[in-house]
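Report on the structure
Here are the chains, one letter per residue:
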Amino acid sequence: DFNELNEWFQVYNSKRMTEEQLRYVLKDAYKTCLTNQGGIDAPPLVVLDTAAANIDLENENDNAQISKYMAICKEVYTLYRMPIIVVAHLTKTAKGVDVDNLDTLSARGGGAWEADANWTAILSTQKESEIRILKMNKRRVELLFNEIEFDSTTHEEWVKDKFGDTVAVTYRYTVPKRSDVKQRIAKSFEDKE
């Protein structure tokens, strides 16, 4: 229910952080959000969305600056085994490009975002479809599959706004499922026939 979701997800406003602030915030997230699930300590999953909104870089193309922030993420992960996801945007030239043609692109700015990461993925849409694909790129671990498909739908909920009027609010709902690039491409050819 809604109360349980509030316990599981904690959302904070983005704030551009210095290196020391990032280190403090990540360590604090571990201390305040660590839960015990059946006798096993479960560290939180921290998502910095986006890198530009959370990391105070003077120059987004400076690999030395980026590496310092990535080193902090790796340090905290090593200490606590707390997964940290840094979300970044691709260059503007990637807009509208099919997910299968994005393999050679990396995050906007310096290449250290990808070079220093343990794992990278690209989220985009499949050509001529509303299906979103999370495609794994660089990885330092073996995966059982290389893609996750998000076939989503929208629903409408009628709610009262702050003026007491009833208005429709649309929200998107999706269930992730395992995907395979070969099967996906074969299916797109079948759909065209």
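Residues numbered from 1 in each chain as written. Predicted model: local features only at pLDDT ≥ 70, side-chain atom pairs only at ≥ 80, totals over all residues. Heavy atoms only, no water.

**Let's talk about the layout of surface pockets**
The gaps left among the atoms become clear once a water-sized probe is rolled over them. Spelled out, the test is: Cavities and pockets are found on a 1 Å grid laid over the protein atoms alone: a cavity is a set of points where a 1.4 Å probe fits but cannot escape, a pocket is an open set with protein on both sides within 12 Å along at least five of seven lines, and a lining residue has an atom within 4 Å of such a point. Grid points are joined across faces, edges and corners, and a volume is the space filled by probe spheres set on the points. Per the convention used, a helix needs a DSSP run of H or I reaching at least four residues, while a strand needs a run of E reaching at least two, with both numbered from the N terminus. The residue classification treats Ala, Val, Leu, Ile, Met, Phe, Trp, Tyr, Cys and Pro as nonpolar and Asp, Glu, Lys and Arg as charged. All others, Gly included, are polar.
Looking at the largest pocket, its volume works out to about 1,500 Å³. Considering the residues around the largest pocket, the lining is formed by 40 residues, among which Ile85, Val86, Val87, Ala88 and Ala121 are closest to the centre. Where the lining of the largest pocket is concerned, the elements lending two or more residues are helix 4 (63-80), strand 4 (84-87), helix 5 (112-115), strand 5 (119-125) and strand 6 (132-139). With seven residues, strand 5 is the largest single contributor of residues to the lining of the largest pocket. For the lining of the largest pocket, the per-class residue count stands at 24 nonpolar, nine polar and seven charged. Around the second largest pocket, the lining comprises 28 residues; the ones closest to its centre are Gln10, Tyr12, Leu45, Val46 and Val47. Those elements giving two or more residues to the lining of the second largest pocket turn out to be helix 1 (2-8), helix 2 (19-33), strand 1 (35-37) and strand 3 (46-49). Examining the composition of the lining of the second largest pocket, we find that seven residues originate from one element, helix 2, more than from any other. The class makeup of the residues in the lining of the second largest pocket is 17 nonpolar, seven polar and four charged.

**What about the packing of helix 2 against helix 4?**
Our working rule: Only the stretch in contact is used when a helix axis is fitted, and all axes are lines through C-alpha atoms; the angle between N-to-C directions ranges over 0 to 180 degrees. Note that the term roughly parallel is reserved for angles under 35 degrees, roughly antiparallel for angles over 145, roughly perpendicular for angles of 65 to 115, and oblique for everything else. Take the far helix as the reference: if the near one is turned anticlockwise from it by less than a right angle, the crossing is left-handed, and if turned clockwise, right-handed. Residue contacts are defined here by distance: any two heavy atoms, one from each residue, within 4.5 Å place the two residues in contact.
Running from N to C, helix 2 and helix 4 cross one another at 25°; their axes reach a closest spacing of 10 Å. One finds that helix 2 runs roughly parallel with respect to helix 4. Remark: the crossing between helix 2 and helix 4 carries right-handed chirality. Residue-level contacts link Glu19, Leu22, Arg23, Leu26, Lys27, Tyr30 and Lys31 of helix 2 to Lys68, Tyr69, Ile72, Cys73, Glu75, Val76, Leu79 and Tyr80 of helix 4.

**A look at the pairing of strand 7 (residues 147-160)**
Formally: A strand pair is defined by DSSP finding two or more bridges across the two strands.
Across four bridges, the pairing between strand 6 and strand 7 is antiparallel. By the bridge assignment, Ile133 is partnered in strand 7 with Glu149. Bridge count for strand 7 against strand 8 (residues 166-179) is 14 bridges, and the pairing is antiparallel. Each bridged residue has a counterpart across the sheet, and for Ser152 the counterpart in strand 8 is Thr174.

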